[in-house]
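# Chain and residue survey
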Amino acid sequence: MLKIIFWNVNKKDLSKFVCAMSTATNTDVVVLCENNVPAKKTLKMLQENVAKEFYCPIHQPTDRFHCFCRNRQLDMSEIHSGNRTSVRKLKIGTHETLLALFHGFDIRNYDSESRQSSVQSLADDMKLVIDQQRTNKLILLGDFNMNPYERGMNLAAGLNAMMTKSCVERGSRRFQDKDYDFYYNPMWSLFGDNTDGPAGTVYDTSNQGPYGWSMLDQIIINHSIVGIFHSVKILTEAGTASLMNRKGHPDTNNASDHFPILVSFFE
């Protein structure tokens, strides 16, 4: 099983939590967003406290995403980068896939139209990458700063991400004489009270969070590789340390305002 952790650490030094979480889950790839700690420092801690095999894959210099991998056969080398994106090669078993990391415009400073526009631009960029790499085996992972039900996430010309596996079985849909690949968004299944974990990845009841819980941190998977997807889980613990406050919300004082997510794929 290939395991990937994604966590927006909210510009804090949460390296001890990252190490504890990586050890407890036996994670292969760690992706940190908004990590103000130098990548070399985080890498050293992972090597000393989790596994000496951890390394930083080849990438353009940027502080948007810090990636750490413990198996060089997975590759994770960067083949495309933008201000808010980083596309990596990722070998999952016999599949040569692409892992696109994304950090969307934040809700506090950008309105819904601006955020929808940014996601549609992302979709256009990903179509170019797919054409260049000659594969549609694309996985998108990150802090989208949008919920799964927002228009940019499921418009045909946006990310075209559907709620269930059965919704994406036919592969694509046609809109204004163009075919658009379907993507599967498993985060829908983690919403609300009738789940094993928290009802979302972020809790906010200000005017930026009208729903209370939001599912801003997401993974979406091209229909062509839904079969190798195993599961996604919202993590509330890092080893024996809790990432929740007493109300069950993200502990913004001692950890991040986002819960991390753990994604697993069959190899």
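Please refer to the structure placed before this passage.
Quick look at the structure, then. It should be emphasised that the depicted structure is a prediction, and the values quoted were computed from it without experimental measurement.

Along its length, the chain carries 4 helices and 18 strands. Referenced to the eigenvectors of the C-alpha coordinate spread, the extents of the chain come out at roughly 55 × 45 × 30 Å. Counting all 267 residues of the chain, 52% fall into the buried class. Of the contacts formed within the chain by residues at least 6 apart in sequence, a portion of 63% connects residues at least 24 apart. Summed over its atoms, the accessible surface of the chain is roughly 12,600 Å², and 45% of this surface lies on carbon and sulfur atoms. Where the 29 positive side-chain charges of the chain centre and where its 29 negative ones centre are 3 Å apart.

With that out of the way, let us pick up the packing of aromatic side chains. Applying the stated criterion across every chain, the model contains 9 aromatic pairs. Taken together, a centroid distance of 6.4 Å and an interplanar angle of 20 degrees make the contact between W213 and F259 stacked. Placement of the pair is W213 in strand β13 (residues 212–214) and F259 in the loop between β17 (241–242) and β18 (261–265), with a sequence separation of 46 residues. On the accessibility criterion, F259 (1% relative accessible area) is buried. Ring geometry for F229 versus F265: centroids 6.1 Å apart, planes at 75 degrees, classification edge-to-face.

Read across the sheet, 5 strands follow the order β3-β2-β1-β18-β15 without closing on themselves; strand pairing throughout is mixed. Here the strands that pair on one side only, and so sit at the sheet edges, are β3 (65–69) and β15 (229–234). Each strand axis lies, on average, 15 degrees off the axis of its neighbour in the sheet, ignoring direction. With 5 bridges joining them, β15 and β18 adopt antiparallel strand pairing.

The mixed open sheet is built from 7 strands, whose spatial order is β4-β5-β6-β7-β14-β11-β8. A single partner strand is all that each edge strand has here, and the edge strands are β4 (75–81) and β8 (161–162). Summarising the sheet, β8 and strand β11 (residues 183–184) pair through 2 bridges and their orientation is parallel. The partner of A161 across the bridge, within β11, is Y183. In the packing of helix α3 (residues 112–133) onto the sheet, the strands contacted are β4, β5 (85–92), β6 (95–103), β7 (138–143) and β11, and the crossing angle to β6 comes to about 155 degrees.

A separate point is the side chain of N185. By the element assignment, N185 lies in the loop between β11 and β12 (202–204). For N185, a relative accessible area of 0% gives the class buried. Polar side-chain contacts of N185 include one of 2.7 Å to the side chain of Q218. Sequence-distant contacts of N185, defined by excluding residues within four places in its chain, comprise P148, M153, A161, M162, M163, Q218, I219 and I220.

Residues of helix α2 (residues 39–49) that are buried include every one of T42, L43 and L46, and no others. Seen end-on, α2 carries its buried residues on one side only, within an arc spanning 100 degrees. Relative to its buried face, α2 has exposed residues pointing more than 90 degrees away, namely K40 and E48. Looking at the packing, one finds that the buried side of α2 touches α1 (15–25), β2 (29–33) and β3.

Taken residue by residue, α1 has S15, F17, V18, C19, M21, S22 and T25 as its buried positions. Residues of α1 that are buried make contact with β1 (2–8), β2, α2, β16 (237–238), β17 and β18. Just downstream of α1 lies N26, where phi reads positive at about 55 degrees.

So, how was this worked out
- Residues numbered from 1 in each chain as written.
- Predicted model: local features only at pLDDT ≥ 70, side-chain atom pairs only at ≥ 80, totals over all residues.
- Heavy atoms only, no water.
- Helix = DSSP H or I, 4+ residues; strand = E, 2+ residues; numbered from the N terminus.
- Buried < 20%, exposed > 50% of the residue type's maximum accessible area, 1.4 Å probe, protein only.
- Contact = heavy atoms within 4.5 Å.
- Areas by Shrake-Rupley, 256 points an atom, 1.4 Å probe, with all protein chains shown as cover.
- Lys, Arg positive; Asp, Glu negative; His and termini not counted.
- Charge placed at Lys NZ, Arg CZ, Asp CG, Glu CD.
- Phe/Tyr/Trp six-rings, centres within 6.5 Å; stacked < 30°, edge-to-face > 60°.
- Pairing = 2+ DSSP bridges.
- Axes fitted to C-alpha atoms, helices over the stretch in contact; angles between N-to-C directions.
- Polar contact = N/O pair within 3.5 Å; in protein donor to acceptor, adjacent residues only side chain to side chain.
- Arc of directions from axis to C-beta.

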